Amino acid sequence: MKFSFKRATAGIAAAAALTLVLAGCADTSGGDGGGDGGSASTELSITLLPKNLGNPYFDASRVGAEAAAADLGADFEEVGPTEATPDGQVSYINTAAQQQRSALVVSANDPNAICDALNEASDAGVKIVTFDSDTNPECRDLFINQADTEGIARVQGDLIAEQIGGAGEVAILSASANATNQNAWNEAFEEYVASEYPDITVVETVYGDDDDQTSFDKTAALLQTYPDLKGIVSPTTVGIAAAARYLSDSDAKGEVALTGLGTPNQMREYIEDGTVTAFALWNPEDLGTLATYAAAALANGDITGAEGDTFSAGDLGEYTVGADGVVLLGDPFVFDADNIGDFDF
Ligand code: RAM
């Protein structure tokens, strides 16, 4: 079991000291033609491209990724759009290709729309690793998966069922409509609930676009549209935090249950004030770490991404590439009032 939270506290403290490199042009040591001589072309350079900047979930991934890059002696940068859209990601992919970065580690806002750009980057020699939210498998070398889809569906299904007594109307407040990860989790959630909890009805899935205000507004609209709503499941750290903020200040607090996937730091006050009783997540910092070691192993030629390839991910240990170029981090973890004080990310 590779699930570990042990470096979270130190990592978050380090995050406060980091400066985001927004322009994607701070360090071009990848060596494109007329570089500054020496060993530039053999230097390892890794670019991290989250769905969007300003999301504490991806800030935690950056901490893990940057620590791994430091351990590997790699040049590291994080770039990304402010809104979680595929168009916003394409220009950063193109820049990484032009700069001939060794590897690009990306959480995709759409499984198809960034594929052409990724394929061009790959043709330019950039190793492509998706993490958190995958593209079509043909568009990347590896996908670093945080947790198994069925496991995520199960934990969310069991949590909401427990919180609403196994019956009633439930809505999903998701991220963006094209997010590969949430769409897969939601489909599996609906299947799981239909088979395990037939008295629960999933009435609608709405999309907050991983934007705080949109998610807040969608929560308000759900409560108006469905007066009998018993619960909301939000499989996005942005959505669940915005929904909790709305509920905590409304008559629905304590009446409408809320669970899903959240970061402990964003959810702590809502656990403490009773708006939320339990939610789940993995360690996004470890996810960034694992993705970066995988990217380095590809770029160094230690692995090709074939099933059965193994590589070391520092303190996280040894990992093996599974079918379809997928590497699995571990299992989701449930946070509640009893344990949330132990976590800081
Ligand atoms: C948000 C993003 C991310 C997802 C988490 C759970 O931060 O949508 O992709 O994995 O929630």
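Summarised in this report is the structure supplied together with it. As the structure is a computational prediction, the values presented were derived from the model and not from experiment. Each residue is numbered by its place in its chain's sequence as written, counting from 1. Only residues with pLDDT of 70 or above have their local features reported here, since the model is predicted, and side-chain atom pairs are shown and tallied only from 80 upward, although totals for entire chains, interfaces and linings are computed over all residues. Based on all heavy atoms of the structure, the side-chain values leave hydrogens and waters out of the count.

Working definition: helices are DSSP H or I runs of at least four residues, strands are E runs of at least two. Numbering for both runs from the N terminus. Here, expected helix span is obtained from the residue count minus one, scaled by 1.5 Å. Taking 1.5 Å per residue, 16 residues should reach 22 Å; helix 5 (residues 149-164) reaches 23 Å between its end C-alpha atoms and fits that length. Along helix 5, the residues that are buried comprise Gly151, Ile152, Ala153, Val155, Gln156, Gly157, Leu159, Ile160, Ala161 and Ile164. One or two positions beyond helix 5, positive phi appears at Gly165, with a value near 70°. Buried residues are those whose accessible area, probed at 1.4 Å on protein chains only, stays under 20% of the maximum for their type, while exposed residues exceed 50% and partly exposed ones sit between those limits.

A few words on the nonpolar core. In terms of nonpolar packing, the biggest core is built from 68 residues, with Ile144, Trp282, Leu290 and Phe311 touching the most fellow members. The element contributing the most residues to this core is helix 10 (residues 284-299), with nine residues. Composition of this core by domain shows at least three residues from each of domain 1 (5-146 + 283-330) and domain 2 (149-281). The criterion is simple. A nonpolar core is a set of buried Ala, Val, Leu, Ile, Met, Phe, Trp, Tyr and Cys residues joined through side-chain atoms within 4.5 Å. Ranked by size, the runner-up nonpolar core spans 17 residues in total, among them Tyr92, Val106, Ile114 and Cys139. The start and end points of each domain follow an automatic or database-based domain assignment.

What follows concerns the packing of helix 2 (residues 56-72) against helix 10. Axis lines are fitted through C-alpha atoms, for helices just across the contact stretch, and the angle between N-to-C directions can take any value from 0 to 180 degrees. Two elements in contact, helix 2 and helix 10, have axes separated by 6 Å at closest approach and are oriented at 40°. Classed by the angle they form, the pair helix 2 and helix 10 counts as oblique. Note on packing geometry: the crossing formed by helix 2 with helix 10 is right-handed. Only Pro284, Glu285, Leu287, Gly288, Thr289, Thr292, Tyr293 and Ala296 of helix 10 make contact with helix 2, whose side of the interface consists of Tyr57, Ala60, Ser61, Val63, Gly64, Ala65, Ala68, Ala69, Asp71 and Leu72. Roughly parallel refers to an angle under 35 degrees, roughly antiparallel to one over 145, roughly perpendicular to one between 65 and 115, and oblique to any angle outside these ranges. Crossings are assigned a handedness: left-handed for a near helix turned anticlockwise from the far helix by less than a right angle, right-handed for a clockwise turn. We call two residues contacting when some pair of their heavy atoms lies within 4.5 Å.

Here we come to the state of the cysteines. Put simply, a disulfide is two cysteine sulfurs that come within 2.5 Å. In the structure shown here, the tally under the stated rule is one disulfide. With a sulfur-sulfur separation of 2.0 Å, Cys115 is cross-linked through a disulfide to Cys139. Disulfide Cys115 to Cys139: torsion about the S-S bond roughly 95°, handedness right-handed. In this pair, Cys115 sits in helix 4 (residues 115-123) while Cys139 sits in the loop between strand 4 (127-131) and strand 5 (142-147), placing the two residues 24 residues apart along the sequence.

A word on unusual backbone geometry. Even without being a glycine, Gln100 presents a positive backbone phi close to 50°. Inspection of the secondary structure puts Gln100 in the loop between helix 3 (86-98) and strand 3 (103-106). In the Ramachandran plot, Asp209 falls in the positive-phi region, its phi being about 60° despite a non-glycine side chain. By the element assignment, Asp209 lies in the loop between strand 7 (200-207) and helix 7 (212-225).

With that settled, consider the packing of aromatic side chains. Centre distance within 6.5 Å is the pairing criterion for rings of Phe, Tyr and Trp, where only the six-membered ring of Trp is used; planes under 30 degrees apart are then read as stacked, over 60 as edge-to-face, and the remainder as tilted. Considering all chains together, one arrives at 12 aromatic pairs under this definition. Their ring planes at 75° and their centres at 6.1 Å tell us that Tyr192 and Tyr197 sit as a pair that is edge-to-face. Here Tyr192 falls in the buried class, since its relative accessible area comes to 18%. Judged by centre distance (5.2 Å) and plane angle (20°), the ring pair of Phe279 and Phe335 falls under stacked. Linking Phe279 in strand 10 (residues 278-281) with Phe335 in strand 14 (residues 333-336), this pair joins segments that are 56 residues apart in sequence. Look at Phe279 and you get buried, because its relative accessible area is 0%. The class of Phe335 is buried, set by a relative accessible area of 0%. Members of the aromatic cluster, connected to one another through ring pairs, are Tyr57, Phe58, Phe131, Trp185 and Trp282.

Another aspect to go through is the sheet that holds strand 7. Strand pairing is defined by DSSP finding a minimum of two bridges between the two strands. Read from one edge of the open sheet, four strands run 7-6-8-9, paired in parallel fashion. For this open sheet the edge positions go to strand 7 and strand 9 (257-260), each flanked by a neighbour on one side alone. Each strand axis lies, on average, 25° off the axis of its neighbour in the sheet, ignoring direction. Direction of pairing for strand 8 (residues 229-234) relative to strand 9: parallel, over a ladder of four bridges. Residue pairing for strand 9: Val233 is matched across the bridge by Thr259. Sheet strands touched by helix 6 (residues 180-196): strand 6 (168-174), strand 7 and strand 8. Its angle to strand 7, the strand with the most contacts, is close to 170°.

All right, on to the site of the ligand then. Whether a residue is near a molecule or strand depends on its heavy atoms: if one lies within 4 Å, it is near. Not every one of the 16 residues close to the ligand is listed here, only the nearest: Lys51, Asp132, Gln182, Asp210 and Thr237. Under this definition, polar contacts are N or O atom pairs within 3.5 Å; protein pairs additionally need one hydrogen-donor-capable and one acceptor-capable atom, and for neighbouring residues in sequence, both atoms have to be side-chain atoms. Side-chain polar atom of Asp210 to an oxygen atom of the ligand: 2.6 Å apart, as the coordinates give it. Considering the ligand on its own, with 290 Å² of exposed area, one finds that the protein chains cover 100% of that surface. Of all elements in the fold, only helix 2 and helix 6 reach the threshold of two or more residues within the shell around the ligand. Tallying contributions element by element places helix 6 first for the shell around the ligand, with three residues. Gly is put with the polar residues, along with every residue not named as nonpolar or charged; the nonpolar set is Ala, Val, Leu, Ile, Met, Phe, Trp, Tyr, Cys and Pro, and the charged set is Asp, Glu, Lys and Arg. The residue makeup of the shell around the ligand, split by class, is seven nonpolar, six polar and three charged. Composition of the shell around the ligand by domain shows at least three residues from each of domain 1 (5-146 + 283-330) and domain 2 (149-281). All accessible areas in this document rest on Shrake-Rupley with a 1.4 Å probe, and a residue is counted as covered only by the protein chains that are shown.

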